[in-house]
Amino acid sequence: MTASNPMVIARYFHPSSSMTWYATEYNTDEEVFYGYVTGFHYPEWGSFSLREFIELQLPYGLKIERDLWFTPKPIKQALKDDGQEL
């Protein structure tokens, strides 16, 4: 695996949209992930907060969900499995 294909350690998703967060790094002190986000107009690499995911209240009582069945894999494979590409 190379830096152009980092390992995804966790996958989060918005249950009523196409937004998906592929976490490739996690800072335990700040509770912040770094990874790839899809579902916007333009997918992008960036940081996202675990605390914000936990506190966010979506309509109908929904929350951002962690994919509990996800197994770590390179980003290109994770995206391919979801029908997307980098």
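In case you missed it, the structure is sitting above this.
Note that the structure is predicted; figures quoted are calculated from it, not measured.

Q: Quick question: what am I supposed to make of the nonpolar core here?
A: A general tendency of soluble globular proteins is for nonpolar side chains to be buried together. The biggest cluster of nonpolar side chains holds 12 residues, and these are Ala10, Tyr12, Met19, Trp21, Ala23, Phe33, Val37, Phe48, Leu50, Phe53, Leu58 and Ile64. Put simply, the parts of the chain that give this core at least two residues each are strand 2 (10–13), strand 3 (20–27), strand 4 (32–38) and helix 1 (50–55). Look past the residues within four positions of Phe53 in its chain and what remains in contact with it is Tyr12, Trp21, Phe48 and Ile64. Listed in part, the 7 residues of the second largest apolar core include Tyr22, Phe70, Ile75 and Ala78.

Q: I tried to follow the pattern of salt bridges on my own but got confused; where do I start?
A: Oppositely charged side chains can form a pair if their charged atoms are brought close together. According to the stated counting rule, one finds 4 salt bridges in the structure shown. A salt bridge links Glu31 to Arg51; the shortest N-O distance between them is 3.3 Å. Here the residue Glu31 occupies a position in the loop between strand 3 and strand 4, and Arg51 occupies one in helix 1, the gap between them amounting to 20 residues. Using a relative accessible area of 27% as the deciding quantity, one classes Glu31 as partly exposed. For Arg51, a relative accessible area of 36% puts it in the partly exposed group. In this structure, Asp81 and Lys73 form a salt bridge, with 2.8 Å as the shortest nitrogen-oxygen distance. Beyond isolated ion pairs, a larger network of salt bridges with shared partners links Arg11, Asp67 and Asp82.

Q: What is the right way to look at the pairing of strand 5 (residues 44–49) in this model?
A: Consecutive side chains of a regular strand alternate in pointing toward one face of the sheet and then the other. By the bridge criterion, 6 bridges tie strand 4 to strand 5 in an arrangement that is antiparallel. Counted as the bridge partner of Val32 is Ser49 from strand 5. Two successive antiparallel strands, strand 4 and strand 5, enclose a turn made up of 5 residues, where Gly39 displays a positive phi of approximately 105 degrees.

Q: Looking at this structure, I do not really get the sheet that holds strand 5. What am I missing?
A: Think of a sheet as strands paired side by side through backbone hydrogen bonds, with each pair either parallel or antiparallel. On the basis of which strands lie adjacent, the open sheet formed by 5 strands has the order 5-4-3-2-6 and antiparallel pairing. A single partner strand is all that each edge strand has here, and the edge strands are strand 5 and strand 6 (65–66). Pairing analysis gives 7 bridges linking strand 3 to strand 4, with the strands arranged antiparallel. Note that in strand 4 the partner of Glu25 across the bridge is Tyr34.

Rules of the game
Each chain has its residues counted from 1, following the order in which its sequence is written. Per-residue local features are limited, in this predicted model, to residues with pLDDT of at least 70; the limit for side-chain atom pairs, both in listing and counting, is 80 or more; totals at the level of whole chains, interfaces and linings are taken over all residues. With hydrogens and water excluded, all non-hydrogen atoms of the structure serve as input to the side-chain values. Nonpolar cores were defined as sets of buried Ala, Val, Leu, Ile, Met, Phe, Trp, Tyr and Cys residues, with membership established by side-chain atoms within 4.5 Å. Exposed residues in this analysis have more than 50% of their type's maximum accessible area, buried residues have under 20%, and partly exposed residues fall in between, with area computed by a 1.4 Å probe over protein chains only. Each helix corresponds to a stretch of at least 4 residues labelled H or I by DSSP, and each strand to a stretch of at least 2 residues labelled E; elements are numbered beginning at the N terminus. By definition, residues are in contact when any of their heavy atoms lie within 4.5 Å. Whenever a carboxyl oxygen of Asp or Glu lies within 4 Å of a side-chain nitrogen of Lys or Arg, that contact is scored as a salt bridge. Whether two strands pair comes down to DSSP finding at least two bridges between them.

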